[in-house]
Amino acid sequence: MKPSNETMLAFYQQLGKVFYGIAHVDGTVRFDEVEKLDTIVKNHWLPLEDTFDEFDTDSAYQIEIVFSWLNENDWDQSSILSDFKDYIKEHPKLFSKANRQLIYDTAEQIAESFHGMNKKEKSYLIELGHLLDD
């Protein structure tokens, strides 16, 4: 059974939080990180499936929308991964092997986009990897 549009909107919103978390883990979201996310969304997340929001916009754009909102509001990212862990448990069917790999790869590319990866980003990726491997 195919997930509903609402389910996919929530999925992409969660991913927006996760990707904001990796970009902001060092305290600053850099332009290069935002630019990398935009490129990955367009090249990899948009073609993934075909759900749309109430404005007839591809649901995958929720990744960028949520990321931008969190960044503009300097959101506290401390609970992002624990919330994501709960979301994975609630919606395991959304986390195919391919989706898990794409989530990790996206986070890794964001981390590497600004002068390579720092210690905080590496720690975040390790924790994300554990969540996605369970």
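Higher on the page you've got the structure.
Here the structure is a predicted model, which is why all the values come from computation and not from measurement.

**Student:** Explain the nonpolar core residue by residue, including any values.
**Tutor:** Phe-11, Leu-15, Phe-19, Trp-45, Phe-84, Ile-103 and Leu-128 are the most contacted members of the largest nonpolar core, which totals 38 residues. Residue assignment for this core shows that the elements contributing at least two residues are α1 (5-24), α2 (31-45), α3 (62-72), α4 (80-90), α5 (97-112) and α6 (119-133). For this core, the leading source of residues is α1, giving nine residues. Setting aside its immediate chain neighbours within four residues, Phe-19 contacts Leu-37, Trp-45, Ile-63, Phe-67, Ile-103, Thr-106, Ala-107 and Ile-110.

**Student:** Which residues make up the packing of α2 against α5, and what values do they have?
**Tutor:** Packed helices, taken two at a time, are described by the angle between their axes plus the distance between the axes. Running from amino to carboxyl end, α2 crosses α5 at an angle of 155 degrees, the nearest separation of the two axes being 9 Å. It follows from the interaxial angle that α2 and α5 lie roughly antiparallel. The crossing of α2 and α5 is right-handed. On α5, the residues touching Glu-33, Lys-36, Leu-37, Ile-40, His-44 and Trp-45 of α2 are Asn-99, Leu-102, Ile-103, Thr-106, Gln-109 and Ile-110.

**Student:** Talk me through unusual backbone geometry; I want residue IDs and the actual numbers.
**Tutor:** For Asp-74, which is not glycine, the phi dihedral falls at a positive 45 degrees. Its identity as a non-glycine residue notwithstanding, His-115 has a phi of 55 degrees, on the positive side. Relative to the elements of secondary structure, His-115 occurs in the loop between α5 and α6. The class for His-115 is exposed, based on a relative accessible area of 73%.

**Student:** Kindly report on the packing of aromatic side chains, identifying the contributing residues and their values.
**Tutor:** Centre distance and the angle of the planes are the two values used to describe a pair of aromatic rings. Per the counting criterion, the structure on display carries nine aromatic pairs. Here Phe-19 and Trp-45 contribute two aromatic rings whose centre-to-centre distance is 6.3 Å and whose plane-to-plane angle is 50 degrees, an arrangement assigned as tilted. One end of the pair, Phe-19, is in helix α1; the other, Trp-45, is in helix α2, with 26 residues separating them in the sequence. On the accessibility criterion, Phe-19 (0% relative accessible area) is buried. Grouped by ring-pair contacts, the aromatic residues Phe-11, Tyr-12, Phe-19, Trp-45, Phe-84, Tyr-87 and Phe-95 constitute a single cluster.

What counts and what doesn't
Residues numbered from 1 in each chain as written. Predicted model: local features only at pLDDT ≥ 70, side-chain atom pairs only at ≥ 80, totals over all residues. Heavy atoms only, no water. Core = buried A, V, L, I, M, F, W, Y, C linked by side-chain atoms within 4.5 Å. Buried < 20%, exposed > 50% of the residue type's maximum accessible area, 1.4 Å probe, protein only. Helix = DSSP H or I, 4+ residues; strand = E, 2+ residues; numbered from the N terminus. Contact = heavy atoms within 4.5 Å. Axes fitted to C-alpha atoms, helices over the stretch in contact; angles between N-to-C directions. Parallel < 35°, antiparallel > 145°, perpendicular 65-115°, else oblique. Left-handed = near helix turned anticlockwise from the far one by under 90°. Phe/Tyr/Trp six-rings, centres within 6.5 Å; stacked < 30°, edge-to-face > 60°.

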